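Inside the fold
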Amino acid sequence: MKTAINCAALIVVLAGSLAPAAAQDQVQVTEPVPREEVQSEISTREIAIQSNFTGIEILIYGSVDFSQAGTPDTGKYDVIVVIRSPAEPLVMRRKERVAGIWVNGPGRVYPSVPGFYAVSSTRPFRAIASDETLKKLGIGFTNLDFGRPAAGSPDEETFRTALIRLKVKQQLFQEHDDAVSFVGRSLFKTTVALPVKVPIGRYTSDIYLFRDGKIITVNQSTLEVTKVGFEGLVYRFAFAYPFLYGVFAVVIAVLAGLTGWYVFRRE
Amino acid sequence: MFQVYLPIAEISVNLVVMLGLGAAVGFLSGMFGVGGGFLLTPFLIVSGIPASIAVATGANQIVATSASGALAQWRRGTVDLRMGAVLIAGGVAGALGGVLLLKFLREAGQAGLIVSLTYVGLLGVVGALMLNESVRAIRRARKGKPAPARRSGQHSWIHRLPLKLRFTRSHLYISAVPALLIGAITGLLTAFLGVGGGFLMVPAMIYLLRMPTNVVIGTSLFQIVFVTALVTVLHATLSQTLDVVLAFILAAGGVIGGQYGVRAGQKLKGEQLRALLALMVLAVAIRLAFGLVLPPSELFSIAPVGEGA
């Protein structure tokens with residue numbers, strides 16, 4: 001990249017020396033071409049799960065500062081947006097037939113699986129960067145590290161594939177090619193749908209800017225998914241004071257029973 | 001429409017469907033005079049609620065349905081307090097065992113399987129016995145023969161057991177051991193299956209302890225209120241599997257359905273009611289058995305570590 005800038009500078013210098021009258025050009029050349037930077041924002045930084053929660057669509061938009069693209073459709077830049085929730089350990093089981101009954105087999109533990117993971121890109125991300133780069137950045141399901149040493153056995157592969165398939169089915173893993181679009185020389189946007197089963201926690205949104213298959217810059221921001229209102233209260237209550245929560249549930253049940261008895265009693 | 005997010009089960013369910021489920025089970029339990037847990041918990045499992053949450057929430061639901069019944073019996077003076085206390089003591093031990101067993105199975109990923117299997121076995125046997133008995137009773141009623149008289153209390157092995165106590169209201173002087181055992185088994189079932197256990201306790205009290213029928217229902221309801229309440233608290237404390245939002249929806253439906261069930265039940269004859277209930281119990285057992293035997297559409301399952309299907 002640096003050499004590219006140097007070459008451009010050299011060409012300008014040469015042009016300048018051929019036309020000495022253009023002194024202003026030389027002044028510009030001494031300053032290096034500003035490096036592109038990404039600024040981004042998310043439509044909702046705090047996602048509140050309450051009783052009517054059935055999923056939410058968030059809008060992620062940003063701009064490429066110092067864009068060198070001429071028109072929106074030049075395809076000079078590629079953007080990959082990766083949203084992920086904190087990784088957590090998962091156990092994966094396969095049902096096996098034992099004496100005519102389908103029984104869960106022994107579990108396999110995956111120490112760190114993102115609860116939610118979504119990749120959106122301007123075009124198929126495999127066409128944007130090399131497999132090596134994608135692997136290093138953890139872009140794409142197959143490049144995710146679940147913390148389980150890949151033994152390379154076909155069985156291990158089957159489990160891993162099934163894990164991804166199940167996550168995709170629940171919309172907790174998403175890959176969207178051509179989902180990021182440029183609306184100007186520097187402005188881009190994408191939407192990501194978070195399903196109802198979305199885990200709570202602090203999510204990260206990584207925006208990778210690529211030019212000619214090389215990563216130029218990364219912009220990271222966070223969003224918070226929390227349970228709020230009555231549901232959040234119940235959830236926190238249940239985990240922070242489990243005994244009181246249980247007693248509370250019993251009291252509610254007794255009251256409900258007695259209310260029914262009182263309302264419907266025949267006098 | 002009317003989707004409600006359950007904070008502990010972490011799924012979204014339809015409010016109308018769950019209210020309807022609570023009302024239907026309440027209706028049936030009011031009609032047949034049973035707690036309804038053995039119908040509710042399997043229904044919840046079949047509708048996609050994880051088994052361990054279905055069990056804990058089912059137990060909480062029975063607190064609601066049995067509380068009003070127990071109060072009514074109490075006011076009628078048909079509760080043998082001392083017998084109730086012995087049954088509760090047994091129930092506490094059984095409940096602890098059951099909660100720990102379910103927690104262990106859940107962590108091993110086998111809770112769904114073992115709970116379903118136990119249900120299939122228990123409901124299959126109870127349903128078949130009830131159907132057999134009620135069909136005979138219906139035939140007898142058609143022929144116009146009277147029901148055979150109960151054999152009078154004989155001195156059996158039960159009377160040779162130690163730890164004898166006097167149960168004034170039941171007019172009994174027997175060992176506390178069988179009552180403790182009955183209480184313990186019921187408590188285990190409550191914790192493990194989310195049922196009240198009346199369907200087991202009532203016959204055991206009548207045929208094993210030979211308690212007078214008029215105090216049996218009141219005393220069993222008395223035990224059920226306390227043991228289901230304890231099981232609810234234990235599940236909430238030890239495994240955080242109680243979903244109070246789901247429990248409340250079910251209770252609201254159940255309380256209303258229960259009242260109409262009682263009225264509907266009064267229009268049917270006892271043996272017809274028992275035959276109907278037996279058919280329903282068998283249907284639930286068969287539905288659960290199919291789930292275990294039919295090839296599943298998805299072989300794989302994922303769960304957070306420490307939890308299972």
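Up top is the structure.
My aim in this report is to walk through the structure given alongside it, one point at a time. None of these values were measured; they are calculated from a predicted model.

What about the overall build of chain B?
For chain B, the helix and strand inventory stands at 10 helices and 5 strands. Radius of gyration (C-alpha) of chain B: 20 Å, near the 19 Å computed for a compact globule of 309 residues. Of all intrachain contacts in chain B linking residues separated by at least 6 positions in sequence, the fraction that spans at least 24 positions is 77%. Just so you have it, chain B exposes about 13300 Å², and 67% of that area is on carbon and sulfur atoms. When the 23 basic and 8 acidic side-chain charges of chain B are each reduced to a single mean position, those positions are 23 Å apart.

What to know about the pattern of salt bridges
Side-chain pairs of opposite charge can arise whenever the charged atoms involved come near each other. In this structure the tally under the stated criterion is 10 salt bridges over all chains. Its salt-bridge partner being Glu41(A), residue Arg45(A) comes within 2.7 Å of it at the nearest N-O pair. On the accessibility criterion, Arg45(A) (30% relative accessible area) is partly exposed. A residue is classified by how much of its surface remains accessible, and Glu41(A), at 31% relative accessible area, is partly exposed. Here Arg165(A) makes a salt bridge to Glu298(B), at a shortest N to O gap of 2.6 Å. Remark: Glu298(B) occurs in the loop between α10 (270–293) and β5 (300–304) and Arg165(A) occurs in helix α5 (residues 154–169); the pair is interchain, linking two chains. Classification of Arg165(A) as partly exposed rests on a relative accessible area of 38%. A network of salt bridges, in which partner residues are shared, links Arg94(A), Arg108(A), Asp155(A) and Glu156(A).

Quick word on the packing of helix α1 (residues 15–32) of chain B against α10(B)
Residues and elements named next belong to chain B. One can describe the packing of α1 onto α10 by two numbers: an axis separation of 10 Å at closest approach and a directional angle of 145°. The element α1 and its partner α10 pack so that their crossing is left-handed. Here α1 contributes Leu28, Met31 and Phe32 to the contact with α10, which in turn contributes Leu273, Leu276, Leu277 and Met280. Of the residues belonging to the contact of α1 with α10, the class tally is 7 nonpolar, no polar and no charged.

Side note on the sheet that holds strand β11 (residues 187–194) of chain A
Within a sheet, neighbouring strands are paired by backbone hydrogen bonds and run either parallel or antiparallel to one another. All names here are of chain A. Reading across from one edge, β1-β3-β11-β10 is the order of the 4 strands in this open sheet, with antiparallel pairing throughout. The two strands at the open ends of the sheet, each matched to only one other strand, are β1 (37–42) and β10 (181–182). As judged from the 2 bridges shared by β10 and β11, these two strands associate in the antiparallel manner. Within β11, the position partnered with Phe182 by the bridge is Phe188.

Digging into the packing of helix α5 (residues 111–143) of chain B against helix α6 (residues 177–193) of chain B
Residue and element names in this part refer to chain B. At a closest axis distance of 10 Å, the pairing of α5 and α6 adopts a crossing angle of 130°. Considering the angle they form, α5 stands oblique to α6. Here Ile114, Val115, Thr118, Tyr119 and Leu122 of α5 come into contact with α6, specifically with Leu189, Phe192 and Leu193. Residue composition of the contact of α5 with α6, by class: 7 nonpolar, 1 polar and no charged.

Conventions we followed
Residues numbered from 1 in each chain as written. Chains lettered and ligands numbered in written order. Predicted model: local features only at pLDDT ≥ 70, side-chain atom pairs only at ≥ 80, totals over all residues. Heavy atoms only, no water. Helix = DSSP H or I, 4+ residues; strand = E, 2+ residues; numbered from the N terminus. Rg over C-alpha atoms; globule rule 2.2 N^0.38 Å. Contact = heavy atoms within 4.5 Å. Areas by Shrake-Rupley, 256 points an atom, 1.4 Å probe, with all protein chains shown as cover. Lys, Arg positive; Asp, Glu negative; His and termini not counted. Charge placed at Lys NZ, Arg CZ, Asp CG, Glu CD. Salt bridge = Lys/Arg side-chain N within 4 Å of Asp/Glu carboxyl O. Buried < 20%, exposed > 50% of the residue type's maximum accessible area, 1.4 Å probe, protein only. Axes fitted to C-alpha atoms, helices over the stretch in contact; angles between N-to-C directions. Left-handed = near helix turned anticlockwise from the far one by under 90°. Nonpolar A, V, L, I, M, F, W, Y, C, P; charged D, E, K, R; others polar. Pairing = 2+ DSSP bridges. Parallel < 35°, antiparallel > 145°, perpendicular 65-115°, else oblique.

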